[in-house]
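Coordinate inspection notes
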Amino acid sequence: MKITVVGAGAVGATTADNLVRRNIAEEIILLDIKEGFAEGKAQDMMQTSALLGFDSKIKGVTNDYLSTAGSEVAVITSGIPRKPGMTREELIGTNANIVKTVVDNLIKHSPDIIILIVSNPMDTMTYLALKSSGLPKNRIIGMGGALDSARFKYQLSDKLNASANDLNAIVIGGHGDTTMIPLIKHATWNSVAVTDFLNEDEQADIVKKTMVGGATLTALIGTSAWYAPGAAAAAMVESIVKDQNRLFTASVYLEGEYGQEDINIGVPVIINKKGWDKIVPMKLSAEEEELFKASADAVRKMNQVLFD
Ligand code: NAI
């Protein structure tokens, strides 16, 4: 079984590193456009095999799509990341061309492939990948909500002094600083509502910190983050490859679900060997429904930059 990761930069290399350590694929192809870059990163990772004990092979290639032939899953991280002060949306033009070309090349050699889109602005890139490829909707998945939900759990665990593993909390909506919706009223600490422990101000503070989680890191590091994004992408790939039926928020194509049509946006879905399998319906409050609608409007506006 083969997995391809396109883009050997910060997020792509971290995704590949997480995947190779999991030992879930015979072969991982790491592809980048920059000559020798993916080859170097892949060799460095292979040299950890004797130390970490995995048997998966990882091979780096420069723009060689023939090597990706027969991939079951691909993760697309190619494109430019944001710099401090930039929004994810400002990356649209450059990344749209890259994502479209990469998707075309992947499908040529792996017609049954499932594609996970990471490049930003992710919801629009996922919609573009779906529309330009003509692949069945279940085989195009956007990664954003899995990361935002992990960041939400981090903020909750920090405030509650709780293990993040005991928290159940998800973020839905668009993958943007102002469009994501951390569902704090639904969050639990081992089945106990977190709102039992936090007053309204504390809840609002956690929601705010979650929403600017990526921007906070970009300001600190000077470019966007990679450890949690790479871990989130790898967890989703594992759920596909091992048919785990794990529930993640992912950007998927809606046809009436959550009151929206013809849009890719983050909702809870089951991830398994079919790609995304089922959209999980949630009972949202009137206020949450309003926020979701506003989020969808913002994502749709971004899509129009490419499609109008
Ligand atoms: P990076 O600059 O470290 O890596 C991007 C890599 O893509 C570079 O090595 C570049 O050579 C390569 N590349 C560019 N054009 C290519 C092409 N046509 N074919 C193959 N490779 C190509 O950037 P980083 O930090 O890895 O971020 C990658 C993307 O992921 C950005 O768009 C960023 O905004 C996004 N991102 C998305 C997240 C999410 O939750 N969806 C989280 C973090 C980053």
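Our subject is the structure that appears above.
Model, not experiment: these values are computed from the prediction.

**Quick look at the overall build of the protein chain**
In terms of helices and strands, the protein chain carries ten helices and 14 strands. With the C-alpha coordinates aligned to their principal axes, the bounding extent of the protein chain is approximately 55 × 50 × 35 Å. For the protein chain, buried positions account for 53% of its 308 residues. Sequence separation of at least 24 residues holds for 68% of the intrachain contacts in the protein chain that already meet a minimum separation of 6. Taken as a whole, the protein chain presents about 13,400 Å² of accessible surface, with 52% of it coming from carbon and sulfur. Side chains of the protein chain carry 30 positive and 37 negative charges; the gap between the two charge centres is 2 Å.

**Observations concerning the site of the ligand**
Among the 29 residues in the neighbourhood of the ligand, the closest are listed as Val11, Asp32, Ile80, Val118 and Met143. A distance of 2.6 Å is found between an oxygen atom of the ligand and a side-chain nitrogen or oxygen belonging to aspartate 32. One of the backbone nitrogen or oxygen atoms of glycine 79 is found 3.5 Å away from an oxygen atom of the ligand. In the complex, 88% of the free accessible area of the ligand, which totals 870 Å², lies under the protein chains.

**Notes on the pairing of strand β1 (residues 2–6)**
Summarising burial for β1: five of the five residues are buried, a large majority. Neither face of β1 is left uncovered, since the one carrying Lys2, Thr4 and Val6 and the one carrying Ile3 and Val5 both have all their residues buried. Read from β1 through helix α1 (residues 10–22) to strand β2 (residues 27–32), the crossover connection turns out right-handed. As paired elements, β1 and strand β4 (residues 73–76) share four bridges and run parallel to each other. Bridge pairing links threonine 4 to alanine 74 in β4.

**Notes on the layout of surface pockets**
Space inside the largest pocket adds up to approximately 830 Å³. Taken together, 42 residues form the lining of the largest pocket, with Thr77, Ser78, Gly79, Ile80 and Pro81 sitting closest to its centre. Elements represented by at least two residues in the lining of the largest pocket include exactly α1, β2, α4 (92–109), α6 (145–160) and α8 (213–221). If one sorts the elements of the lining of the largest pocket by residue count, α4 sits on top with five residues. Taken together, the residues of the lining of the largest pocket break down into 19 nonpolar, 18 polar and five charged. If you add up the space inside the second largest pocket, you get close to 610 Å³. Looking at the second largest pocket, it is lined by 27 residues, and the ones nearest its centre are Ser149, Ala150, Lys153, Ala169 and Arg246. If you list the elements that add at least two residues to the lining of the second largest pocket, you get α6, β7 (167–168), α9 (227–241) and β12 (246–255). Counted by class, the lining of the second largest pocket contains 19 nonpolar, six polar and two charged residues.

**Remarks on the sheet that holds β7**
Taken in spatial order, the three strands of this open sheet run β7-β10-β11, and their pairing is antiparallel. Both outer strands of the open sheet, β7 and β11 (192–193), are each paired with one neighbouring strand and no more.

**Section: the environment of proline 84**
Structurally, the position occupied by proline 84 is in the loop between β4 and α4. Taking the C-alpha atoms as reference points, proline 84 and glutamate 26, separated by 58 residues in sequence, lie 38 Å from one another. Beyond its immediate stretch of four places on either side in the chain, proline 84 contacts Thr218, Ala219 and Gly222.

Cut-offs and rules
Residues numbered from 1 in each chain as written. Predicted model: local features only at pLDDT ≥ 70, side-chain atom pairs only at ≥ 80, totals over all residues. Heavy atoms only, no water. Helix = DSSP H or I, 4+ residues; strand = E, 2+ residues; numbered from the N terminus. Buried < 20%, exposed > 50% of the residue type's maximum accessible area, 1.4 Å probe, protein only. Contact = heavy atoms within 4.5 Å. Areas by Shrake-Rupley, 256 points an atom, 1.4 Å probe, with all protein chains shown as cover. Lys, Arg positive; Asp, Glu negative; His and termini not counted. Charge placed at Lys NZ, Arg CZ, Asp CG, Glu CD. Near = heavy atom within 4 Å. Polar contact = N/O pair within 3.5 Å; in protein donor to acceptor, adjacent residues only side chain to side chain. Right-handed = clockwise from strand over helix to strand, strands pointing away. Pairing = 2+ DSSP bridges. 1 Å grid on protein atoms, 1.4 Å probe; cavity = no way out; pocket = protein on both sides within 12 Å on 5 of 7 lines; lining within 4 Å. Points joined across faces, edges and corners; volume = space filled by probe spheres on them. Nonpolar A, V, L, I, M, F, W, Y, C, P; charged D, E, K, R; others polar.

All we've got here are geometric facts, nothing functional implied.
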